[in-house]
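# Per-entry structural report
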Amino acid sequence: MKTTVRLGSILIVLVVLAGLVAQFVVTNGTTGGQAATTLWIILGYFTILTNVLVLATHAMQLLQGRFANPQWLGGLTLWIIIVAVIYHLLLADLWQPQGLLWWADFLLHTVSPVLSFLWWLVFAPRVKLPWITAAQWLVWPLAYTIYALTRGMLTNHYPYPFMDMNVLTPAQMAVNAVVLMTGFFLGGLAMVLLTRLRG
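A short tour of the structure in this document, coming up. (Residues numbered from 1 in each chain as written. Predicted model: local features only at pLDDT ≥ 70, side-chain atom pairs only at ≥ 80, totals over all residues. Heavy atoms only, no water.)

## Structural notes on the packing of helix α3 (residues 46–64) against helix α7 (residues 139–155)
- The interhelical angle for the contact between α3 and α7, taken along N-to-C directions, is 135°, at an axis separation of 11 Å. With respect to α7, the element α3 is oriented oblique. Viewed along their axes, α3 and α7 form a crossing whose handedness is right-handed. Contact residues: α3 offers Phe 46, Leu 49, Thr 50 and Leu 53, while α7 offers Trp 140, Pro 141, Tyr 144 and Tyr 147.
- Each residue belonging to the contact of α3 with α7 can be placed in one class, and the counts come to 7 nonpolar, 1 polar and no charged. (Axes fitted to C-alpha atoms, helices over the stretch in contact; angles between N-to-C directions. Helix = DSSP H or I, 4+ residues; strand = E, 2+ residues; numbered from the N terminus. Parallel < 35°, antiparallel > 145°, perpendicular 65-115°, else oblique. Left-handed = near helix turned anticlockwise from the far one by under 90°. Contact = heavy atoms within 4.5 Å. Nonpolar A, V, L, I, M, F, W, Y, C, P; charged D, E, K, R; others polar.)

## Here we look at the side chain of Thr 57
- Within the secondary structure layout, Thr 57 lies in helix α3.
- Taking relative accessible area as the criterion, Thr 57 reaches 8% and is therefore assigned buried.
- One polar contact links Thr 57 to Trp 72, side chain to side chain, over a distance of 2.9 Å. (Buried < 20%, exposed > 50% of the residue type's maximum accessible area, 1.4 Å probe, protein only. Polar contact = N/O pair within 3.5 Å; in protein donor to acceptor, adjacent residues only side chain to side chain.)

## Considering the environment of Leu 14
- Among the structural elements, Leu 14 can be located in helix α1 (residues 3–30).
- Residue class for Leu 14 comes out exposed when judged on its relative accessible area of 51%.

## Let's talk about the environment of Ile 86
- Along the chain, the position of Ile 86 falls in helix α4 (residues 70–91).
- Note on Ile 86: relative accessible area 17%, which makes it buried.
- Ile 86 sits 106 residues away from Val 192 along the chain, and the two C-alpha atoms are 20 Å apart.
- For Ile 86, the contacting residues outside a window of four places in its chain are Leu 91, Phe 162 and Leu 180.

## Brief notes about α1
- In this model, α1 (28 residues) spans 41 Å end to end at C-alpha, consistent with the 40 Å of a helix rising 1.5 Å per residue.
- Two residues or fewer past α1, Gly 32 is found with a positive phi of approximately 70°. (Expected span 1.5 Å × (residues − 1).)

## Here's the deal with the nonpolar core
- Core analysis: the biggest nonpolar cluster contains 47 residues, and Phe 46, Trp 79 and Met 163 have the highest contact counts within it.
- Of all the elements in the fold, those that place two or more residues in this core are α1, α3, α4, α5 (99–123), α7 and α8 (170–198).
- Ranked by residues supplied to this core, first place goes to α4 with 10 residues. (Core = buried A, V, L, I, M, F, W, Y, C linked by side-chain atoms within 4.5 Å.)

Written out as structure tokens, the structure reads:
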């Protein structure tokens, strides 16, 4: 990997790590310093889990000195972009974070997605991906949806209002899920198109 590619990955790792640490510190303050409870809470969010995947992927690339699988890099970029899109369109107006929480919010929902997309666009291997890849990229959001709903049924707490079964009927939840998966699929098609244009 070239020096510029490695520097890009280092920047992403540092940004995501700072955001995750800030989020942990803030949440830990609300749980009375119970680290296990804090981890359980923050690991319920798609934003956190996807940023962890971003961090792990770029850290592994740095350690191994080579790119991850192009299909994985494309999917990872799609997922973190969707994090930003959903947050800024649906969730940002629902709260007003302050202080360290604002920084965690900004780093994980804005800076990480922007840097990840730019890194992928400029540095990722130029491989033309098949159109079926857009459907394959649905595995992670589908797996998360099942995970989040299962957690919610066990704890009576849901991470996002558009999947809150305390408020939504099963039919409404199903519609929301279809809309979300459609968004991921269309975004995936756009990403595949970009790989073909880049190639």
